[in-house]
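Analysis of the macromolecular model
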Amino acid sequence: MQFLRNVIQWNLFLGAFAFIVSYKPVIIMHGILSGADSMKSLQREIELLHFGTKVYNCDLFSNWFSLENAWKQVNELRDYFQTIGKLHPGGIIVIGHSQGGLLARATIQTMPNHNVKVFISLSSPQAGQYGTNFLHLIFPDLAARTVYELFYSKVGQLTSVANYWNDPRKQDLYRRYSVFLPYINNEIQTSNSSIFRTALTRLDKMVLIGGPDDGVITPWQSSHFGFFNGSLDVIPFNEREIFTSDTIGLKTLADHGKLVIVVKPFVHHLSWHRNRNVIREVILPHLI
Ligand SMILES: *[C@@H]1O[C@H](CO)[C@@H](O)[C@H](O)[C@H]1NC(C)=O
Ligand SMILES: *[C@@H]1O[C@H](CO)[C@@H](O)[C@H](O)[C@H]1NC(C)=O
């Protein structure tokens, strides 16, 4: 009898253990002008601390290819997410850094039947980008104030950076020329807008991580969907139309306790995915 009880307890213990270690698989998407290599430390931390996690460190569009048009990247990422999603019917998790977090979010929005359970955005320009520091990472000679002339054109829109360049003083040109951000953020309505919205609300959790010392994403609040208005005041995400009118489902997520906003100071843009405190405190707890 005692023996039987021990066997049962042991099996219960093993069962619980199997449950605990069955972490969901994770896709990691790198940022601009980088690739899977730069995300290795994040991958290693996940594999070490959440032993048994299957991590897919995406190497599509690495380095110079990361400048390709955002829709081109999203269309390939969709195949990638779909293939991995099918291998793991129980659901997957997606983490994107910088531009990778914007592209990953857009990809999820174009997949009405996705099985992404958790999406984590690591300092991504979700509401766009308007700032010299970012611009100079890629184009050292361009000025934020005048670059709209180049970016808001058919040729300019061939590159990802122009696709989410959001000049608060040239909103008419932004809406007329930008082929990506105003669409994926449902600022311009098309037949796809309702899919973009419902697909985002399928998530169990969306975690938006950013902070004031990022130094590159401008304004840094864009990591939470905040952005400049016409006089360059930063309007917090929850006072902007995209949230108040629930155009992409952010408010729905928030109302169901599925939107997590993380403000983390003292982290520079190029270290979010390498910083152990960030990984341990605000990423790992959501990877379940
Ligand atoms: C809607 O999405 C599909 C597939 O992503 C795309 O081919 C099509 O051009 C989009 N339509 C509009 C009006 O944006
Ligand atoms: C921008 O926001 C600030 C603060 O809310 C406000 O005082 C200002 O009038 C706004 N500017 C425009 C152009 O909407």
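Residues numbered from 1 in each chain as written. Chains lettered and ligands numbered in written order. Predicted model: local features only at pLDDT ≥ 70, side-chain atom pairs only at ≥ 80, totals over all residues.

To continue, consider the site of ligand 2. Taken together, Asn 229, Gly 230, Ser 231 and Asp 233 are the residues near ligand 2. Class assignment of the residues belonging to the shell around ligand 2 gives a composition of no nonpolar, three polar and one charged. (Near = placed C-beta within 6 Å. Nonpolar A, V, L, I, M, F, W, Y, C, P; charged D, E, K, R; others polar.)

For the rest of this paragraph, the subject is helix 10 (residues 193-201). All of the buried residues in helix 10 are Phe 196, Ala 199 and Leu 200. Projected down its long axis, helix 10 shows its buried positions confined to an angular sector of 100°, all on one face. (Buried ≥ 20, exposed ≤ 12 C-beta atoms within 10 Å, placed from the backbone. Helix = DSSP H or I, 4+ residues; strand = E, 2+ residues; numbered from the N terminus. Arc of directions from axis to C-beta.)

So, on to the sheet that holds strand 5 (residues 205-210). Paired through backbone hydrogen bonds, the strands of a sheet run either parallel or antiparallel to each other. Taken together, the six strands give an open sheet; going across it, the order is 2-1-3-4-5-8, and neighbouring strands pair in parallel fashion. The open sheet has two edge strands, strand 2 (55-58) and strand 8 (259-263), and neither has a second partner. The sheet shows a mean angle of 15° between the axes of neighbouring strands, taken without regard to direction. Alignment of strand 5 against strand 8, held across five bridges, turns out to be parallel. Residue pairing for strand 8: Ile 209 is matched across the bridge by Val 262. The strands touched by helix 4 (residues 99-109) within the sheet are strand 1 (26-29), strand 3 (92-97) and strand 4 (116-122), with strand 3 carrying the most contacts at an inclination of about 140°. (Pairing = 2+ DSSP bridges. Axes fitted to C-alpha atoms, helices over the stretch in contact; angles between N-to-C directions. Contact = placed C-beta atoms within 7 Å.)

Bringing the environment of His 88 into the picture now. Following the sequence through the fold, His 88 ends up in the loop between helix 3 (70-87) and strand 3. Since 14 C-beta atoms lie within 10 Å of it, His 88 is described here as partly exposed. Measuring from C-alpha to C-alpha, the distance between His 88 and Leu 60 comes to 20 Å, with 28 residues separating the pair along the chain.

Okay, the confidence of the model for the protein chain next. Mean pLDDT over the protein chain stands at 93; residues scoring 70 or higher make up 93%. Every residue in residues 10-15 is under pLDDT 50, and counting partners more than four places away or in other chains gives zero contacts. (pLDDT = per-residue confidence, 0-100.)

Counting 67 residues, the largest nonpolar core has Val 26, Ile 27, Ile 28, Val 94 and Phe 119 as its most contacted members. Look past the residues within four positions of Phe 119 in its chain and what remains in contact with it is Val 94, Ala 104, Arg 105, Ile 108, Leu 203 and Met 206. Counting residues in hydrophobic clusters, the runner-up holds five residues, among them Leu 135, Val 216, Ile 217 and Trp 220. (Core = buried A, V, L, I, M, F, W, Y, C linked by C-beta atoms within 7 Å.)

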